[in-house]
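Chain by chain, the residues run as shown.
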Amino acid sequence: MTPWWALPRPVQTVLGRLQPLLGRAADLWPLTALGMALALVASVALLSFGFKKLDLVLLVVGYGGVGLLVIAILIVTSSALGLWLWLRRASFRWLTSTFETGAPLPTGFSLPSLWWLPLAQVNWTWVSPDGDVADGVSGGGRSREQVTFRQRGIFPSVVRRIVVQDAFGLSRVAFHHRQPGPIEVLPHLGGIRRLPVLTSFTGGDDYPHPMGLEAGDRVELRRYVQGDSARFIHWKVFGRTRKLMVRTPERALSRARRTVAYLVTGEHDEAAAAAARAAIEEEALGVDWRFAADGSPEATSDRSEALHKVMTSSRFAGQHGGGMKRFLAEVDPGGPASLVIFAPPVMGAWLDEMRSVTSRRYGRVRIVIAVDAVHDPDGRSQWRRWFLAPVIASGVQRADLERVGRALAQLRCEVVIIDRVSGRVLGDGRHLDSARRRAA
């Protein structure tokens, strides 16, 4: 039942359409809350006391407040108008087209610092994509932008909200500026500079094993049959036993010649994307590999295209892991391959997809889970929980990570958990003793 205080749907639709316009109007209104309060106080001082009762003190105070407000409005509005007109003609070049998350990086954008104009201040924030603008590096009368990207992706343009205000906070004018791209943002590697070789075993000649293929050295013997080559006859055995025996290849295993990898998106998936990036760039997937990700399940073996899939996967809003079946249906006809899944450290629908995949796939599947921090609330005192709760909001709880590890262990998957900050392997999800040292 709809609450009585809820607005009708047509009204909600109209308000939703008007919200951007109201926001723009609020940005162009030159008075802040403090400025309107000063205007009210100055008006009361002038009209009620200064003019009517001829109170000279309040008359001076009222005129002083109005004068300060008028000066602030004139300086702010003229500066904002000048910057807006200048930005319409100015053009900026990106210092690079590829950035990384997690660290402040210069972009090439800059604005006049307005140091020569008294009371005027200028600053800006990013509207889209998400990014934290650090304090501008001033030099030559300009403030140069440094931004920390929060999320990977490929963005066609950048929208900034530029704010001009006075030093007292009485007047403020804001407007938006769009800079065309595109720009590419990769997940930062952190300590994941090198990954263990993410391959498994298949037919080959490195490790003797009865389940392998006959592709090893010819060290096995069997009776000669018609059609065998005479060059494989073991003549010394024939001389001792008078029986014709031929050498045959032993059954052996070697590193997989093919590796297929898939990136599953979800909450806290930036570290998993960084692990996938490291595997692609450091050739940890071997020589013959295929890669895909949520949002683009088509297989590729091109390094640039694979990194493109890693970046664009951040925009995926469908069922996480839903493209695995399509990806495996494309790559499995190519022959046996090792399957590597890069997954987020949270429970989700992707575990149901994994259950379906492992039930039909021969051999074990390797799951790589990367985290930025593992937090153990039970290991901290009460006051640390209160004060550090806002700081550790981006981490993953130890209990949640162990829950994911246990769920994957039931599927007979080989789990590898990596700490992106230090690059250490933390365990398999069920044993995270080393993670306590990383707990915040």
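For the structure, check the block above.
Residues numbered from 1 in each chain as written. Predicted model: local features only at pLDDT ≥ 70, side-chain atom pairs only at ≥ 80, totals over all residues. Heavy atoms only, no water.

**Q** Break down the environment of Arg403 for me, citing the residues and quoting the values.
**A** On the secondary structure map, Arg403 appears in helix H10 (residues 398-410). Expressed as a C-alpha distance, the spacing of Arg403 and Val346, which sit 57 residues apart in the sequence, is 8.4 Å. (Helix = DSSP H or I, 4+ residues; strand = E, 2+ residues; numbered from the N terminus.)

**Q** Describe the side chain of Glu353, naming the residues involved and giving the relevant values.
**A** By secondary structure assignment, the location of Glu353 is in helix H8 (residues 349-360). The side chain of Glu353 sits in the buried core without any salt bridge; Lys325 is the nearest counter-charge, 4.1 Å away. Residues within four places of Glu353 in sequence aside, it is in contact with Gln319, His320, Gly321, Gly322, Met324 and Lys325. (Buried < 20%, exposed > 50% of the residue type's maximum accessible area, 1.4 Å probe, protein only. Lys, Arg positive; Asp, Glu negative; His and termini not counted. Salt bridge = Lys/Arg side-chain N within 4 Å of Asp/Glu carboxyl O. Contact = heavy atoms within 4.5 Å.)

**Q** Now, about the packing of aromatic side chains: what can you tell me, with residues and values included?
**A** Evaluated as defined, the whole model comprises eight aromatic pairs. Ring plane angle 75° and centroid distance 6.0 Å describe the contact between Trp94 and Phe99, whose orientation is recorded as edge-to-face. For the pair Trp94 and Phe99, a shared accessibility class is recorded, and that class is buried. Ring centres of Tyr262 and Phe327 lie 5.7 Å apart, and the angle between their planes is 40°; this geometry places the pair in the tilted category. Of the two residues, Tyr262 sits in strand E11 (residues 258-263) while Phe327 sits in helix H7 (residues 324-331), which places them 65 residues apart along the sequence. An aromatic cluster is built from Trp86, Phe92, Phe109 and Trp124, whose rings are joined through pairwise contacts. Cation over ring: Arg160 sits above Phe109, and NZ or CZ is 3.9 Å from the ring centre. (Phe/Tyr/Trp six-rings, centres within 6.5 Å; stacked < 30°, edge-to-face > 60°. Lys NZ or Arg CZ within 6 Å of the ring centre and 35° of its normal.)

**Q** Describe in detail the pattern of salt bridges, supporting the description with residues and values.
**A** Tallying each qualifying case throughout the model produces 13 salt bridges. Two residues, Glu100 and Arg277, come together in a salt bridge whose shortest N-O distance is 2.7 Å. Here Arg277 lies in helix H5 (residues 270-281) and Glu100 lies in strand E1 (residues 98-100), a separation of 177 residues in the sequence. Exposure remark for Arg277: the relative accessible area of 7% places this residue in the buried category. One salt bridge in this structure joins Glu270 and Arg152, with 2.8 Å as the shortest N-O distance. Residue Glu270 is found in helix H5, and its partner Arg152 is found in the loop between strand E6 (142-149) and strand E7 (153-166); the two are separated by 118 residues along the sequence. Both residues of the pair, Glu270 and Arg152, count as buried. Here the salt bridges do not stand alone but share partners, grouping Glu100, Arg277 and Glu281 into one network.

**Q** Please set out unusual backbone geometry residue by residue, giving values where relevant.
**A** Of note, the amide linkage connecting Ser128 to Pro129 takes the cis form, showing an omega dihedral of -10°. Mapped onto the fold, Pro129 is located in the loop between strand E3 (120-128) and strand E4 (131-133). In this structure, Leu114 is a non-glycine residue whose phi angle is positive, near 55°. Within the element layout of this structure, Leu114 appears in the loop between strand E2 (105-112) and E3. Of note, the phi angle at Arg242 is positive, near 60°, even though the residue is not glycine. Secondary-structure assignment places Arg242 in the loop between helix H4 (235-241) and strand E10 (245-255). The exposure class of Arg242 is exposed, given its relative accessible area of 61%.

**Q** Help me get a handle on the pairing of strand E14 (residues 338-343), residues and values and all.
**A** For E14, the tally of buried residues reaches six of six residues, placing the bulk of the element in the interior. Because side chains alternate across E14, one face comprises the buried residues Ser338, Val340 and Phe342, and the other comprises Leu339, Ile341 and Ala343, equally buried. Two strands pair when backbone bridges link them, and E14 and strand E15 (residues 366-371) are joined in this way by four bridges, in the parallel orientation. Its bridge partner being in E15, Phe342 is matched across the sheet by Val368. (Pairing = 2+ DSSP bridges.)

**Q** I'd like a rundown of the sheet that holds strand E8 (residues 172-186), residues and numbers included.
**A** Strand order across the open sheet formed by four strands is E1-E8-E7-E3, with mixed pairing between neighbours. Strands with a single pairing partner mark the edges of an open sheet, and in this sheet they are E1 and E3. Each neighbouring strand pair of the sheet contributes to a mean axis angle of 45°, computed without reference to strand direction. Where E7 and E8 come together, 12 bridges link them in antiparallel fashion. In the strand pairing of E8, Ser157 is matched with Pro180. Packing of helix H3 (residues 56-89) onto the sheet brings it into contact with E3, E7 and E8, and relative to E8 it is tilted by some 30°. (Axes fitted to C-alpha atoms, helices over the stretch in contact; angles between N-to-C directions.)

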